[in-house]
Amino acid sequence: MKNILITGGAGFIGSHVIRNLVNKYPQYNIVNLDLLTYAGNLENIADIETKSNYTFVKGDICDKNFLTELFRKYDFYGIIHLAAESHVDRSISDPMSFIRTNIIGTITLLNAAKTAWKENYNEHRFYHISTDEVYGTLGSEGYFTENTSYSPRSPYSASKASSDHLVRAYYHTYGFPIVISNCSNNYGPNQFPEKLLPLIINNIKCNKPLPVYGKGENIRDWLYVEDHAHAIDLIFHKGKNGETYNIGGSNEWTNIKLVNKLCEIMDVKLNREKGTSAKLITYVKDRAGHDLRYAIDSSKLQNDLGWTPLVSFDEGLEKTVNWYLENEKWLQNVLSGDYEKYYQNQYLKR
Ligand code: NAD
Ligand code: TYD
């Protein structure tokens, strides 16, 4: 059995990555290392918890001694590193936690793996999961390619850019076996309801205002989370050492158009008269340094590794909305506690 370490597997994307790997590769022993911060929720992977090829370990990627012990206990073949602080708005109000987890955490993990694998780097793989936000912002034209210069503009994207640079530096300096991917905005089940889609779906359901930042003209490229999980599987197994792969949905939406689309879907689901939910739309103060547009050119991944997104946006939105409506208990558990306080600071002050 090959031991594979997944960091951040109790989070949104990590939970889908773990489910896919645990079910698809019985010959792997998947170890999920997660600190269970506000964003980590073991309910996300309750369905695979008892599988014999899955183990959960609570721990911090910034804790060198803990990682040394973990690498002693498990002879890891590979690592898929997703653990991070991931929300731009939080990075604006608390940048230091992003520096700690995303930068210090990544280099601490790199060092633990480098020490453990020093005899035979080439029999291993360190896969770092990153974001398209490291490239900065686009005007109305053009796409991010793997050769686009980094130009991060939020503490979140700057901390992710820094971690990408460190991972790449380990390849060039030490010949460390790394691969990186940079993905566009994900959506789907289990996303923490501070991010746009789950927040809007929940607020429509609860008849609360739908906060749209600025004029709602910012553009994001949306990808269904399972399509990202499949790309991660492919890159982990087939990607080339030292390479970067961009992942995107070729699916650009202005925020206001997307919020209106969700309102239409929810009116039907909740048997409300057409136009009812859209009345909740409320324009609020813009995010500081709000990037205008992200758009990904994923042709390298498509041409070199044969990846293609399988879930259309209509299908993905239908699945996502249904999931949030059918998983009331998950939502209530998440909405209680820390999130509630955060929500008040973030939105009630706007
Ligand atoms: P998330 O916030 O839902 O989950 C992050 C997970 O990391 C949580 O389970 C949390 O408990 C864990 N974690 C945080 N700090 C930790 C620490 N010090 N030690 C161990 N675990 C820790 O994030 P997500 O949206 O699932 O994103 C996962 C990764 O994908 C991140 O690296 C993010 O930058 C990247 N990414 C996200 C998106 C997106 O749209 N969500 C798009 C592209 C890339
Ligand atoms: P978000 O889901 O936070 O992802 P990111 O900032 O990483 O792209 O936000 C997606 C877009 O939606 C972004 O342009 C900010 C905007 N937005 C709102 O207009 N209202 C909201 O309440 C939130 C959370 C985001």
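Data block above holds the structure.
Predicted model only: the values in this text are computed from it and were never measured.

Participant: Outline the pattern of salt bridges, supporting the account with residue identities and numerical values.
Facilitator: A side chain of one charge can pair with a side chain of the opposite charge when the charged atoms of the two come close. One pass over the full model with this rule turns up 12 salt bridges. When the shortest N-O distance is used, the salt bridge between D47 and R19 registers 2.8 Å. Of the two residues, D47 sits in the loop between β2 (28-34) and β3 (54-58) while R19 sits in helix α1 (residues 12-24), which places them 28 residues apart along the sequence. A relative accessible area of 48% means that D47 is categorised as partly exposed. In this structure, the salt-bridge partner of K300 is E243, at a minimum N-O distance of 2.5 Å. Here E243 lies in the loop between α7 (225-238) and β10 (244-247) and K300 lies in helix α9 (residues 299-305), a separation of 57 residues in the sequence. Among the residues examined, E243 registers a relative accessible area of 26% and is labelled partly exposed.

Participant: How would you explain a nonpolar patch on the surface if you had to name every residue and give the values?
Facilitator: On the surface, a cluster of nonpolar side chains totalling about 280 Å² of accessible area is made up of M96, I99 and I104. Relative to the helices and strands, I104 is located in helix α4 (residues 95-116).

Participant: Residues and numbers for empty space enclosed by the protein, please.
Facilitator: All chains considered together, the criterion is met by two cavities of 30 Å³ or more. Taken as a whole, the second largest cavity encloses approximately 40 Å³ of empty space. Around the second largest cavity sit V88, S154, R220, R287, A288, G289, H290, D291 and Y294, which together line it.

What counts and what doesn't
- Residues numbered from 1 in each chain as written.
- Chains lettered and ligands numbered in written order.
- Predicted model: local features only at pLDDT ≥ 70, side-chain atom pairs only at ≥ 80, totals over all residues.
- Heavy atoms only, no water.
- Salt bridge = Lys/Arg side-chain N within 4 Å of Asp/Glu carboxyl O.
- Helix = DSSP H or I, 4+ residues; strand = E, 2+ residues; numbered from the N terminus.
- Buried < 20%, exposed > 50% of the residue type's maximum accessible area, 1.4 Å probe, protein only.
- Patch = residues over 30% accessible without salt bridge, like charges linked within 9 Å, V, L, I, M, F, W, Y side chains within 5 Å.
- Areas by Shrake-Rupley, 256 points an atom, 1.4 Å probe, with all protein chains shown as cover.
- 1 Å grid on protein atoms, 1.4 Å probe; cavity = no way out; pocket = protein on both sides within 12 Å on 5 of 7 lines; lining within 4 Å.
- Points joined across faces, edges and corners; volume = space filled by probe spheres on them.

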